[in-house]
Each structure stands twice: as C-alpha cells, then as structure tokens.
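Summary of structural features
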Amino acid sequence: IKAKAVDLSGNSAESSPVRFTISLSSDQTPPTITWKKPADGSFVRGKITLRAKATDNIGVTKVEFYVDSSLLATDTTSSYSAKWDTTPLPSGSTHLLFARAYDAAGNMSESQHAPVTVDNISPTVSFTNPANGAKIAAGKSITLSASASDNIAIKKVRFLVNGNVICTDKSPPYKCTWTVPSGTGITYTLKAKAYDAAGNIGSQTISVTSR
C-alpha cells in the first residue's frame, strides 16, 4: 500500500510502500503425527527405514524426519518414511528420532521422540560341547552347549544340526538336548548362532561323527 498526496497545482508525492500479507486460510488445526518405526528404546543396525503416520483435517503437505535435531529427510508421500544409515556411527551410541508434519496453512505438529541405540557389532559364540571332530554315540542324547558374548547383550542362541533348528535358548548357560540318530559313521554339521537385540548374528560351525 502507498499513499499519494496531490496539491492544487497538481504536484504530487508518494509515500514509501508498506507491504503485508493477508492469510485467506481459516485452517488453524495442526496435523496429527505418530512415530511408528523404529520403536522407542530399540537397538538398530546398518541401513534402516524410519516411519511415521500423519493425518490432517485438510491435508498433510510434508513430513520431516530428524536425527538428534538435525533434518535427515523430507517425504511428501502418504507412506511417510526415510532411510537412515547407522553404519558410520559408533556402536553403543544413543540417538533421538522424531518427525514433524506440516499442512498447507503452515500448521506443524511434532511426533513423540524415540531414543534408539546403534549396535553394528556382531556377537561371538563358540561351542563348549561337543568338541569339533568329536565321536558321539549313535542313538543317544547329548547336550549341545555354547558360550556367547556381545558388546551390549545376547538376545538368544540357536542350535542347528545339518541346517535344521533343534532349539533356541534365551539365557545362559546356552544349551540344547539333541538325540543323535541311529547309524554309525555319519558326520553331522552343528552350528551355534548368537543374536543380539539389533539383529546382528555371530556363529560357529563344527562337525561331529556318530560311532
């Protein structure tokens, strides 16, 4: 807007312009947004997908994903998601994830915050019984046992014979009872697999022969 003054002789002068914006939107309702994945308190590894659900009375224009208050990515599609590569981050480090949803009127809402811990280190596991190359009695039951360790925590240890899962143990000492099939001179491949909460896997494979 400018003001213009004119005298009786026709001389005129104009004021400096004043600029302002008129909002034609009556939308005062912010979107709603819910953090979906990964869950609060999760352990994460490698490249993962962040997800959020957002709705609005008129329409969501975008969702921003943040890691430790730094903008990671923006998604404008309804299946709001972003990719996050945790590989360069130190294992054991904790990070705060959240998202913000915007509508066309500029209203914004922020999701709940989800702290997660990065763990890119695999567990270690080794058989304590039987020994590699051991001779075992055919038709008898033996105890398979293993020790396992992790930089954070072991979630479970799984025992396999010739690729088939025999049992899973979630607490130490990790062990399993296996009945050796009848028949002598048969070689079996035994594997112990240790899992941590982030899904990292460590394993050891040995072989035994029935006698």
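Attention here is on the structure that accompanies the text. (Residues numbered from 1 in each chain as written. Predicted model: local features only at pLDDT ≥ 70, side-chain atom pairs only at ≥ 80, totals over all residues. Heavy atoms only, no water.)

**Digging into the overall build of the chain**
Applicable threshold: Secondary structure counts use DSSP, requiring at least four H or I residues in a row for a helix and at least two E residues in a row for a strand, with both numbered from the N terminus. Computation of the radius of gyration draws on C-alpha atoms, with the globule rule given as 2.2 Å multiplied by the number of residues to the power 0.38. Residue contacts are defined here by distance: any two heavy atoms, one from each residue, within 4.5 Å place the two residues in contact. Residue-level accessible areas treat just the shown protein chains as cover; the underlying method is Shrake-Rupley with a 1.4 Å probe.
When helices and strands are counted, the chain shows zero helices and 19 strands. Here the C-alpha atoms of the chain give a radius of gyration of 31 Å, more than 25% beyond the 17 Å that 2.2 N^0.38 yields for 211 residues. Across its three principal axes, the chain shows a C-alpha extent of roughly 125 × 30 × 25 Å. Counted over contacts in the chain with a minimum sequence separation of 6, partners at least 24 positions apart contribute 60%. Counting every atom, the chain has about 12,100 Å² of accessible surface; 50% of that belongs to carbon and sulfur.

**Remarks on the pattern of salt bridges**
Inclusion rule: Throughout this description, the term salt bridge denotes a Lys or Arg side-chain nitrogen within 4 Å of a carboxyl oxygen of Asp or Glu. Buried means the residue's accessible area, taken with a 1.4 Å probe over protein chains only, is under 20% of the maximum for its type, while exposed means over 50%, and partly exposed covers the values in between.
The final tally for this structure, using the stated rule, is three salt bridges. Where Glu 110 meets Arg 100, a salt bridge forms, and the shortest distance between an N and an O atom there is 2.7 Å. Taken together, the positions of Glu 110 in strand 10 (residues 108-110) and Arg 100 in strand 9 (residues 94-103) put the pair ten residues apart, joining distant regions of the chain. Residue Glu 110 is classed as partly exposed on the basis of its relative accessible area of 36%. Among the residues examined, Arg 100 registers a relative accessible area of 23% and is labelled partly exposed.

**Re the packing of aromatic side chains**
What counts is decided by this rule: Each Phe, Tyr or Trp ring (for Trp, its six-membered ring) is paired with any other whose centre lies within 6.5 Å, and the angle between the two planes then decides the class: stacked below 30 degrees, edge-to-face above 60, tilted in between. The rule is short: NZ of Lys or CZ of Arg within 6 Å of the ring centre and within 35 degrees of the ring normal puts a charge over the ring.
In this structure the tally under the stated criterion is four aromatic pairs. Pairing Tyr 66 with Phe 98 gives two aromatic rings, centres 5.0 Å apart and planes at 0°, and the pair type is stacked. Of the two residues, Tyr 66 is situated in strand 6 (residues 60-67) and Phe 98 in strand 9; the sequence distance between them amounts to 32 residues. Measuring from centroid to centroid gives 5.3 Å for Trp 178 and Tyr 188, while their planes differ by 80°, and the two rings are edge-to-face. Remark: Tyr 188 occurs in strand 18 (residues 187-196) and Trp 178 occurs in strand 17 (residues 174-179); sequence separation between them is ten residues. Here Trp 178 matches Tyr 188 in class, with each residue buried. Sitting over the ring of Tyr 195, Lys 156 keeps its end group 4.9 Å from the ring centre.

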